[in-house]
Structure formats: C-alpha cells, structure tokens
Amino acid sequence: MRIASFFTVVAGVIMVFSCANNQEEPGELDKRVVSIANPPSPLAQIMRDMDSRLEEIKLESEKSKHWPQLKYEFPLISDQEATEDRMLTEEVFSYALAFKATTSEYNKHPSEQGFEAIVQGCLDCHYRSCPGPIVRIEKHITQD
C-alpha cells in the first residue's frame, strides 16, 4: 500500500511540473501566426484596400485645415473576381459604375463632400448586396 501511495505522489509531482513547464511565457500569444485557410478573393482584397485608403484619407484630413489631395483610385469593382459568383448581381454592376463616376469626380476635386459621397456609395451598395461590413464603412463618415 505504501508503494502505491509513493508512486501516486511521484506521478502527481511529475504531472504538476510537466504542466507548469508547458505554460506559455507572457507575450507568447503575440508570437502565434494565424493562417487563413483560403486567401481573399480579388473583390474582397480590393474592398479591404479601399477601406484602408478611406482611413488614410480621413486621418490626413484630421491633421490639416485643408482637405488632403490624396487620390482614391481602384479598378472597377464589378471587374473583380468575387468569393462567390452570385455576389456580382446586376445591381452590383450598376452600383459599381455609379461608384466609379463618384470616385472619378472625387479624384478631380478631392473634398470632404466627395469623400462622403464615396462612403455613401459604399453603403448604398452594401445595404443591397452584402451588409456585413456596413458598421465598418459607417466609421468613415466625417459629417455629424
């Protein structure tokens, strides 16, 4: 009986030290790499790039009294390959053409009103086709 108790205690001590040694150091979680199973479609990637550019323009506008002369130039949305073909509806094609006109006008005369028109163009299309990023897009609105 004493031998069984001895081995139980030894096994318990080994288990405790084993678990304690396997704990991650502070900051180890920051070093983990998360991989995405599938890369984003060209349409998804261009929209991420568009979002980043909106953020860049907005931040620059907050630093200056004058609206930044930063262009907002991207390929036509409807020419991009979507994650799923059903995402590119006739309605999206119409919005894409209208959006291209809006961005072209903005690029000729960058202004807060033009920026707001771009943001509203994004919202109009996403209200109809893909509501997922609406909250993210709304964060770009500059006017109260």
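That block above? That's the structure.
These lines cover the structure that appears in this document, whether it is placed above or below.

Cut-offs used in this document
- Residues numbered from 1 in each chain as written.
- Predicted model: local features only at pLDDT ≥ 70, side-chain atom pairs only at ≥ 80, totals over all residues.
- Heavy atoms only, no water.
- Helix = DSSP H or I, 4+ residues; strand = E, 2+ residues; numbered from the N terminus.
- Polar contact = N/O pair within 3.5 Å; in protein donor to acceptor, adjacent residues only side chain to side chain.
- Contact = heavy atoms within 4.5 Å.
- Phe/Tyr/Trp six-rings, centres within 6.5 Å; stacked < 30°, edge-to-face > 60°.
- Buried < 20%, exposed > 50% of the residue type's maximum accessible area, 1.4 Å probe, protein only.

A separate point is the side chain of Asp51. With respect to the helices and strands, the residue Asp51 is situated in helix H2 (residues 42-63). For Asp51, the side chain forms a polar contact with the side chain of Arg136, separated by 2.9 Å. Apart from the residues lying within four places of it in its own chain, the contact partners of Asp51 are Arg136 and His140.

Aromatic ring pairs are described here by two measures, namely the spacing of the ring centres and the angle between the planes. In this structure the tally under the stated criterion is 3 aromatic pairs. Where Tyr72 meets Phe74, the ring centres are 5.0 Å apart and the plane angle is 65°; that geometry is what we call edge-to-face. Each member of the pair, Tyr72 together with Phe74, is buried. Ring centres 6.3 Å apart and planes at 85° place the aromatic pair Tyr72 and Phe99 in the edge-to-face group. With a gap of 27 residues between them, Tyr72 in the loop between H2 and helix H3 (90-108) and Phe99 in helix H3 connect regions that are remote in the sequence. Three or more aromatic residues joined by ring pairs form one cluster here, namely Tyr72, Phe74 and Phe99.

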